[in-house]
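Each chain, written out:
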Amino acid sequence: MSVSLFDLKGKNALVTGSTHGLGMAMARGLGLAGANIIVNGNSSQDKIDKAVTEYKNEGINAVGFKFNVTNETEVIDAIAKIEAEVGQIDILINNAGIIKRTPLIDMEVEDFKQVIDVDLVSPFIVSKHVVPGMIKRKAGKVINICSMMSELGRNSVGAYAAAKGGLKMLTQNMATEWAKHNIQVNGIGPGYFATSQTEPIRVDGHPFNDFIVNRTPAAKWGDPNDLAGAAIFLSSKASDFVNGHVVYVDGGILATIGKPSNED
Ligand SMILES: NC(=O)c1ccc[n+]([C@@H]2O[C@H](COP(=O)([O-])OP(=O)(O)OC[C@H]3O[C@@H](n4cnc5c(N)ncnc54)[C@H](OP(=O)(O)O)[C@@H]3O)[C@@H](O)[C@H]2O)c1
């Protein structure tokens, strides 16, 4: 009973931005729990093909679709193709995202708009075209990838925080509108994760590394695979009465005000 609650065998999961990074870690988790993974990215077909091979090497059923999540026409075409070639989409993880680190006063309006477009508008666009199928079948799971910046500000990430704060509220509103169709919409808010992008700063003595390790009650960066459990839970039967929450997988950062660096 307890294992079957989390079983995703035969479910089709579209994970946007799953060619690498956190999207890939969550998609791998769903795949190892039995789901067929629909891989997405935008920058190159080659990258998608390589990712599909990586999933398959781990025994996961995977197919790739290249489309830009901010472009509604591309999204509509891709979803029609996925539904025709793979089948119904049971699980949607809106993970594709970007960040631009610029103080607000120096930020170009176009850059601000681009962050909002990818991080906030695209989960709306993709959901708008995937959810009608879920409504017809009276079943579905949508997970929006939020951030600690859905709750907190930080220097130089104003556009990102505006988008991710908005995404938390969009999650609550989607949950409100779609719960009656047996569609559960929730979010995952990752803390700081050890990815290839953060590798150069993840060294003892680097001010940002030391800040993160000191600021996190678990006293370490997260391993991307730590996100798999929350992703499986929110994709499975185990969360059938969980609506409109954001699960923060952050080593406890949001639980505390932090501590001085000279305190144990
Ligand atoms: N890394 C962290 O510590 C952290 C913390 C909190 C929240 N998050 C959130 O977690 C998510 C993943 O982060 P990450 O660090 O893994 O990012 P990442 O390494 O930069 O990967 C982003 C993914 O999104 C795809 N993508 C970007 N723009 C796209 C578009 N317009 N259309 C389709 N795909 C697009 C990329 O695919 P291609 O490159 O193939 O185009 C890639 O697969 C994001 O929403 C991010 O905000 C990350």
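Reading the values: rules and limits
Residues numbered from 1 in each chain as written. Predicted model: local features only at pLDDT ≥ 70, side-chain atom pairs only at ≥ 80, totals over all residues. UniProt positions renumbered as here; feature names shortened; annotations may be inferred. Helix = DSSP H or I, 4+ residues; strand = E, 2+ residues; numbered from the N terminus. Rg over C-alpha atoms; globule rule 2.2 N^0.38 Å. Contact = placed C-beta atoms within 7 Å. Pairing = 2+ DSSP bridges. Axes fitted to C-alpha atoms, helices over the stretch in contact; angles between N-to-C directions. Near = placed C-beta within 6 Å. Nonpolar A, V, L, I, M, F, W, Y, C, P; charged D, E, K, R; others polar. Core = buried A, V, L, I, M, F, W, Y, C linked by C-beta atoms within 7 Å. Buried ≥ 20, exposed ≤ 12 C-beta atoms within 10 Å, placed from the backbone. Right-handed = clockwise from strand over helix to strand, strands pointing away.

As annotated in an unreviewed UniProt entry, the protein carries the name Gluconate 5-dehydrogenase and comes from Wocania arenilitoris. Database annotation for the protein, UniProt heading Sequence similarities (unreviewed entry): "Belongs to the short-chain dehydrogenases/reductases (SDR) family."

## Topic: the overall build of the protein
Each helix and strand counted, the protein has 7 helices and 7 strands in total. Over its C-alpha atoms the protein spans a radius of gyration of 18 Å, differing by no more than 12% from the 18 Å that the globule rule assigns to 264 residues. Overall, the protein is about 55 × 45 × 40 Å in size when its C-alpha atoms are taken along their principal axes. Long-range contacts, defined here as pairs at least 24 residues apart, represent 73% of the contacts in the protein between residues at least 6 apart.

## Topic: the sheet that holds strand β7 (residues 246–249)
Spatially, 7 strands are ordered β3-β2-β1-β4-β5-β6-β7 in an open sheet, and the strand pairing comes out parallel. In the strand order of this sheet, the two ends are held by β3 (62–66) and β7, each with one partner. The mean inter-strand angle of the sheet, taken between neighbouring strand axes irrespective of direction, is 20 degrees. Sheet topology note: the strand β1 (residues 12–15)/strand β2 (residues 36–41) ladder contains 4 bridges and is parallel. Paired with A13 across the strands is I37, a residue of β2.

## What to know about the site of the ligand
Surrounding the ligand, one finds 28 residues, the nearest of these being G17, G21, G41, N42 and G97. Sorting the residues of the shell around the ligand by element identifies α1 (21–32) and β2 as the ones contributing at least two each. It is α1 that provides the largest number of residues to the shell around the ligand, a total of 3 residues. Split by residue class, the shell around the ligand holds 9 nonpolar, 18 polar and 1 charged.

## Description of the nonpolar core
Counting residues in hydrophobic clusters, the biggest one holds 71 residues, and the most contacted among them are A13, M26, L30, I37, I188 and A231. Among the elements that take part in this core, helix α5 (residues 158–178) stands out by supplying 9 residues, more than any other. Filtering out sequence-adjacent residues up to four positions away, A13 remains in contact with A27, L30, A35, N36, I37, I38, D90, I91, I93 and S235.

## Describing the pairing of β2
Of all the 6 residues making up β2, 6 are buried; the element is thus mostly covered by neighbouring parts of the structure. Side-chain alternation along β2 places N36, I38 and N40 on one buried face and I37, V39 and G41 on a second face that is also buried. Taking the sense of rotation as the criterion, the β-α-β connection linking β1, α1 and β2 turns out right-handed. Bridging between β2 and β3 involves 5 bridges; their strand directions are parallel. Looking at the pairing, I37 lines up with A62 of β3. With helix α2 (residues 45–57) bridging β2 and the parallel β3, this β-α-β connection has right-handed handedness.

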